[in-house]
Amino acid sequence: MSEVLNKNYIDGIWQEASAGAVFKDVNPAINSDVIGNFPESGVEDVDDAVRAARKAFRTWSRMPAPARGDILRRIGDLLTERKSELAFQMTREMGKPFFETKGDVQEAIDTAYYAATETRRLFGHTVPSEMPNKFNMSLRRPIGVCGIITAWNFPVAVPTWKMFPAIAAGNTVVFKPSEDAPHSGALLVKVFEDAGVPPGVVNLVQGSATAGRALVEHPDVNAVSFTGSTETGSKIGEACGRLHKRFSLEMGGKNPMIVLADADLDLVIDGLLWGAFGTTGQRCTATSRLIVHEDVHDALVDKLKEAASKLKLGYGNEDDTEMGPVINQKALDKIEKYIGIGKDEGATVALGGKRAEGPGTEDGFFFEPTIFTNVTPNMRVAKEEIFGPVLSVLKISSYEEAVKVANNIEYGLSSAIYTQDVATAFKAMHDIEAGITYVNGPTIGAEAHMPFGGVKGTGNGHREGGWEVFEFYTETKTVYVDYSGKLQKAQIDNVDD
Ligand code: UN1
């Protein structure tokens, strides 16, 4: 796998973009390490890919679902074999440490085996009819061609949350990875090819907004699934609404961790280091708000400052690295802008607040782990997604106040509460406005067979993962079989009035 796979993959053929344009992909930890130039695809490339996907749909959708499951299992096996090689390349391309990218591939492996088993269970319902000698049932049908557009922070796991259930259900796919993780996307598509997925079932178009827009607006794409920024998601939602397409949006978060006075503070520190600074805070599920009881506020902030200041920054393919860079210059600028905003609003930078300078960070986009204290609920740093290693700390004096503060945002993806009190934990499961709540764990840690998604401005009501994602990738067909041998009229024959 040493060659760089810097091509599109359409109808089973690796190829350049038709106009020959390219964009550059660099290592965010060592900017002089150029991974390669990737195709900047245009409308024509997307059109070719959609045509291939449509053609393949005819046979793929007719294959018995468990036979598609066999291929998914082979994909899981190949991902297992290639786990370390893939993780190395992912870390090189998007920066998070090797142990994290291995977890990313593992999430894809779990998703593959899970989707493979679901191909034996793609059930509808059989229910009684109102009429004698009549049989009612619902069946699941694939939708058609699915456009998959993803972010760079989980460059293998998140695309597979979408692609595996899509193809398990008999759909075909055109995949456009983020322009910040094109190589990881291509290496993933190579796994489909090597596992024996027929040409046209999964197609890859690299590129940026032009390719993304062409995919969303293509008349022969039936459904679009997107993970990324709220801004882009809103545009996709508008376009899909106008074109009557099914769409699933997974967007921003500003995820709270509530820490009550009875919490185990050492456990909280471990959770915060992982939740706030894992993936350099660049997860839609990152813990970005700590809502902590006044009785333990000072002790917790002191412990956290000490622990976070010791995190070892550097290139994630080096053994001792605990936190990698942010993804690019734009991200670095955005984080810096928010440091200024927070200071102007009156928050205190208790730790970090600037670009990192130590050895191993000179040639990359590194930012120090940052903690804002004295944050109040209506500050922008308490409400807006920064997507970096920045934690805002808010002080509260009761559970009720904590919930009010936690819910004071437009997003609702993940959330956490640390308490020893079982009754409070159960109340929180209902009170916190979020698609996911963790009790005594941080806001990250999704498992492949559990539904994943948010409420409010985070998404549009769909879930990935779990059984729920198969609802998105299938249409329901309702079937009535009348074997009475005569015309039976629903709502009329069997009602006397
Ligand atoms: C995302 O941030 O886009 O549970 C997904 C988690 C990860 C997935 C995050 N397994 O945080």
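Overview of the structure. (Residues numbered from 1 in each chain as written. Predicted model: local features only at pLDDT ≥ 70, side-chain atom pairs only at ≥ 80, totals over all residues. Heavy atoms only, no water.)

Details of the pairing of strand S8 (residues 172-176)
Item 1. Burial runs high along S8: five of the five residues are buried.
Item 2. With burial as the criterion, each face of S8 is covered, one bearing Thr172, Val174 and Lys176 and the other bearing Val173 and Phe175.
Item 3. Relative to S8, strand S7 (residues 145-149) is paired through five bridges, and the arrangement is parallel. Within S8, the position partnered with valine 145 by the bridge is threonine 172.
Item 4. Since S7 and S8 lie parallel, the crossover through helix H5 (residues 157-168) that links them has a hand, and here it is right-handed.
Item 5. Taken together, the three bridges between S8 and strand S9 (residues 202-204) define a ladder with parallel strand orientation. Residue pairing across strands places valine 174 opposite asparagine 203, the latter belonging to S9.
Item 6. The handedness of the S8 to S9 crossover, carried by helix H6 (residues 182-194), is right-handed. (Buried < 20%, exposed > 50% of the residue type's maximum accessible area, 1.4 Å probe, protein only. Helix = DSSP H or I, 4+ residues; strand = E, 2+ residues; numbered from the N terminus. Pairing = 2+ DSSP bridges. Right-handed = clockwise from strand over helix to strand, strands pointing away.)

Some remarks on the sheet that holds strand S5 (residues 126-128)
Item 1. The strand order across the open sheet formed by three strands is S5-S6-S19, and the pairing between neighbours is antiparallel. Edge positions in the open sheet fall to S5 and strand S19 (474-482), since each of these has one partner strand only. Adjacent strand axes in the sheet meet at a mean angle of 25 degrees, parallel and antiparallel pairs treated alike.
Item 2. In this structure, S5 lies alongside strand S6 (residues 134-142), joined through three bridges in antiparallel fashion. Bridge pairing links proline 128 to phenylalanine 135 in S6. (Axes fitted to C-alpha atoms, helices over the stretch in contact; angles between N-to-C directions.)

Notes on the nonpolar core
Item 1. Residues Ile75, Leu79, Phe192 and Val202 are the most contacted members of the largest nonpolar core, which totals 48 residues.
Item 2. Among the elements that line this core, the one with the most residues is helix H4 (residues 98-118), at seven residues.
Item 3. Within the second largest apolar cluster, 39 residues are counted, among which are Met257, Val259, Val301 and Ala356. (Core = buried A, V, L, I, M, F, W, Y, C linked by side-chain atoms within 4.5 Å.)

Quick look at the site of the ligand
Item 1. Around the ligand, the neighbouring residues are Glu107, Asn153, Phe154, Trp161, Arg283, Cys284, Thr285, Ile444, Gly445, Ala446 and Phe452.
Item 2. Take threonine 285: an N or O atom from its side chain is 2.6 Å from an oxygen atom of the ligand.
Item 3. A distance of 2.8 Å separates an oxygen atom of the ligand from a polar backbone atom of glycine 445.
Item 4. Most atoms of the ligand, that is more than half of them, are within 2 Å of grid points of the second largest pocket.
Item 5. Here the shell around the ligand is built from residues that sort into six nonpolar, three polar and two charged.
Item 6. Structurally, the shell around the ligand is a two-domain feature, drawing no fewer than three residues from each of domain 1 (8-251 + 459-478) and domain 2 (255-439). (Near = heavy atom within 4 Å. Polar contact = N/O pair within 3.5 Å; in protein donor to acceptor, adjacent residues only side chain to side chain. 1 Å grid on protein atoms, 1.4 Å probe; cavity = no way out; pocket = protein on both sides within 12 Å on 5 of 7 lines; lining within 4 Å. Sits in = over half its atoms within 2 Å of the grid points. Nonpolar A, V, L, I, M, F, W, Y, C, P; charged D, E, K, R; others polar. Domains from an automatic or database assignment.)

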